[in-house]
Amino acid sequence: MYVCVCKRVTDHQIRDAAGRGVNSIDGLCSELDVASCCGRCRECAHRVLNDALAENWSGDVELATA
């Protein structure tokens, strides 16, 4: 599903970014440009990122903070 309509970023792209080590909303913004336009997607992107990090958690990755 699209998380950021402005930049056409999907939940799959966010999950892939988390798998590559992105662990913050700022990191997502840098990597995918998510939440950089109108900002309406920020909360959803944060939630998807945290879900992905929790699924991939190996004990050394911190959940993203707002």
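Nothing here was measured: the structure is a model prediction, and the numbers come from that model.

Rules behind the numbers
Residues numbered from 1 in each chain as written. Predicted model: local features only at pLDDT ≥ 70, side-chain atom pairs only at ≥ 80, totals over all residues. Heavy atoms only, no water. Helix = DSSP H or I, 4+ residues; strand = E, 2+ residues; numbered from the N terminus. Buried < 20%, exposed > 50% of the residue type's maximum accessible area, 1.4 Å probe, protein only. Contact = heavy atoms within 4.5 Å. pLDDT = per-residue confidence, 0-100. Axes fitted to C-alpha atoms, helices over the stretch in contact; angles between N-to-C directions. Parallel < 35°, antiparallel > 145°, perpendicular 65-115°, else oblique. Left-handed = near helix turned anticlockwise from the far one by under 90°. Nonpolar A, V, L, I, M, F, W, Y, C, P; charged D, E, K, R; others polar.

**Topic: the overall build of the protein chain**
- A tally of helices and strands in the protein chain yields three helices and two strands.
- The linear arrangement of helices and strands in the protein chain, starting from the amino end, is β-β-α-α-α.
- Put simply, the protein chain has 66 residues, and 35% of those count as buried.
- Within the protein chain, counting contacts between residues at least 6 apart in sequence, those at least 24 apart form 48% of the total.

**Here's the deal with the confidence of the model for the protein chain**
- This prediction gives the protein chain a mean pLDDT of 90; 86% of its residues lie at or above 70.
- The secondary structure element of the protein chain with the lowest average pLDDT is helix α3 (residues 42-56), at 94, and the one with the highest is strand β2 (residues 9-10), at 98.

**Topic: the packing of helix α1 (residues 11-19) against helix α2 (residues 25-32)**
- Viewed as axis vectors pointing N to C, α1 and α2 meet at an angle of 110°, and their least axial separation amounts to 11 Å. When the interaxial angle is binned, α1 and α2 end up roughly perpendicular. Both α1 and α2 take part in a crossing whose hand is right-handed. Residues Gln13, Ile14 and Ala17 of α1 form the contact with α2, whose participating residues are Leu28, Glu31 and Leu32.
- Across the contact of α1 with α2, the residue classes tally to four nonpolar, one polar and one charged.

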